[in-house]
Amino acid sequence: MSDTSINLARNYIDGAWRDSIATEFLPVPNPATGQALGRVPLSIRTEIDEAVQAAAGAFPQWRRLPVTERVQFLFRLKDLLEQDVEDLARTITMECGKTLAESRGELRRAIENVEMACGAPALLQGEFSEDIAAGIDEFMMRQPLGVCACICPFNFPGMIPFWFLPYALACGNTYVVKPSERVPLTMQKVFVVLQKAGLPKGVVNLVNGGKETVEALLDHPGIRAISFVGSTPVAKAVYARAAAVGKRAQCQGGAKNPIIVLPDADPEMTTRIAADSAFGCAGQRCLAASLVVTVGEARGWFNEAMAEAASSRVTGYGLDEAVQMGPVISEQSKERIERLICRGLEQGAKPLVDGRGAVIPGCEKGFFLRPTLLEGIRPSHELATTEIFGPVLGLTHVETIDEAVAFANSGPYGNMACIFTGSGASARKFRSQVEAGNIGINIGVAAPMAFFPFSGAKESFFGDLHGQGRHAIEFFTQTKVVVERWPKDWSRKF
Ligand code: NAD
């Protein structure tokens, strides 16, 4: 795909591609070059209504298709996605900025969710109790909800819709996807793949847009459930607005992920993994390490090795296979991150490595920062609790594991927390006491596999059932309990 081969993102409604009737459009730049890749429409309420009507029209037949037949479409989808991984990965890298290896990894995770949803025939099985009273049986079955929708963030354009969509379809629901307006092009290609998989028209629909498109989805009476992933203020607002009209909602929010390094950790492994966590995807992962709390003697070796890892990371255009870190998503994002670094310095942090002012030869108009390492973050500093979402790692130091856990628990978020140690007892204490939904023990990005829930907590998640795995099956189904009696002589009455 050349930089200009997609000009205008289109909606996919009722099995057909449609040009939006929106009057407002946003440019979609390549964050590495600043060049325009295309434009995205901010779709209006009428278009959302059409997508929901199409999904509602497809629902009665889709839900009646046996689950064993519904998953055949997902098996086909997996094969087709595998065939297109390279092309999709290039699109992700071009619109989102991450490296090709990171884009391929993202798609692997997407495909794993399709594979997991292929197990729906077993996952959807109900429960049965014989003779709960004399001659009476009781059972619980799972039925689809109807039309469901997801609203996605910019940082994983190929993966995050797959935390929800395959499960929703496997459970018998029909679906609407709203990608981030900053990275709409990956879903353009994914929907070509969905079309090839032969899904009946109306079963999956795509609407492009921003805030107002989201509000139209939230307000639409035809939508039963909303899955949202994005920043915490928006997650909270989406959760409240969806709940106010009786929709089921699961809203994953922002993060500020701490890593605790104990003196008995393996120095080489710890710094290598922590650097990947902090600077992978240019720090634009909801599971990126944002703050390292060193304990006791760990400070000396860790800070020195991390400064080396940060300053030697190769930053550039992600399409170049030698590059280890790409740009951030936008000029505004770059400016916001640079402002936060300044703020950290004003409040007393020391720059061990300062990545501002990065100029990448050949990509002078790209939105680049190099890895940045700030030492001396205190609990009162803004950078102790603010999500930066860029390649900036804060360092702080304490003397005991208890102080480290207290620091980790002091912020509002609870997406992930990791510990590096050689001690089982320390790891056990940490995993029990730390208030985060995803825990890494000698792991830097504790991303749950598709068969586990993506378990954010505190201000990182609003709802009950998370994305992925069995949680997704439960989220996308309504339980129905039947209590049943059949008198022995009933048949003789007719
Ligand atoms: P964002 O909140 O700006 O946007 C997310 C989605 O919400 C987009 O589709 C956007 O169109 C829509 N939106 C934006 N503002 C809105 C508003 N005022 N009203 C209604 N809809 C609105 O998030 P982003 O910048 O695209 O993504 C980065 C954020 O997502 C980070 O905070 C990151 O931590 C978070 N994230 C969380 C997870 C997780 O699993 N917890 C995963 C990935 C990203």
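Above: the structure in question.
Residues numbered from 1 in each chain as written. Predicted model: local features only at pLDDT ≥ 70, side-chain atom pairs only at ≥ 80, totals over all residues. Heavy atoms only, no water.

Caption draft 1: Quick peek at the overall build of the chain. Helix and strand counts for the chain stand at 16 helices and 22 strands. The C-alpha atoms of the chain give 24 Å as radius of gyration, which agrees with the globular expectation for 494 residues (23 Å, within 12%). A principal-axis box enclosing the C-alpha atoms of the chain has dimensions of 85 × 55 × 40 Å. Looking at the 494 residues of the chain, the share that counts as buried comes to 57%. (Helix = DSSP H or I, 4+ residues; strand = E, 2+ residues; numbered from the N terminus. Rg over C-alpha atoms; globule rule 2.2 N^0.38 Å. Buried < 20%, exposed > 50% of the residue type's maximum accessible area, 1.4 Å probe, protein only.)

Caption draft 2: Just the pairing of strand β16 (residues 392–398), in detail. Burial analysis of β16 places 7 of its 7 residues in the buried class, which makes it a mostly covered element. Here β16 shows a buried face lined by V392, G394, T396 and V398 and a second buried face lined by L393, L395 and H397. Judged from the 5 bridges that link them, strand β13 (residues 289–295) and β16 form a sheet pairing that is parallel. Residue V292 lies in a different strand from β16, and its bridge partner there is L395. With 4 bridges connecting them, strand β15 (residues 372–375) and β16 associate as parallel partners. Across the sheet, T372 pairs through a bridge with V392, a residue of β16. (Pairing = 2+ DSSP bridges.)

Caption draft 3: Region of interest: helix α4 (residues 100–117). For α4, built from 18 residues, the straight-helix expectation of 26 Å at 1.5 Å per residue is met to within 8% by its first-to-last C-alpha distance of 26 Å. Within the span of α4, buried status applies to L100, E102, S103, E106, L107, A110, I111, E112, N113, V114, M116 and A117. Packed against the buried residues of α4 are α2 (67–83), α3 (85–96), α5 (120–123), α6 (165–170) and α16 (469–475). (Expected span 1.5 Å × (residues − 1). Contact = heavy atoms within 4.5 Å.)

Caption draft 4: Just the packing of helix α14 (residues 401–409) against helix α15 (residues 424–433), in detail. At a minimum axis distance of 11 Å, the contact between α14 and α15 shows a crossing angle of 25 degrees. By the angle between their directions, the pair α14 and α15 is classed as roughly parallel. Considering the relative orientation of α14 and α15, their crossing is right-handed. In this structure, α14 uses I401, D402, V405 and N409 to contact α15, whose residues at the interface are S426, K429, F430 and Q433. Residues belonging to the contact of α14 with α15 are distributed by class as follows: 3 nonpolar, 3 polar and 2 charged. (Axes fitted to C-alpha atoms, helices over the stretch in contact; angles between N-to-C directions. Parallel < 35°, antiparallel > 145°, perpendicular 65-115°, else oblique. Left-handed = near helix turned anticlockwise from the far one by under 90°. Nonpolar A, V, L, I, M, F, W, Y, C, P; charged D, E, K, R; others polar.)

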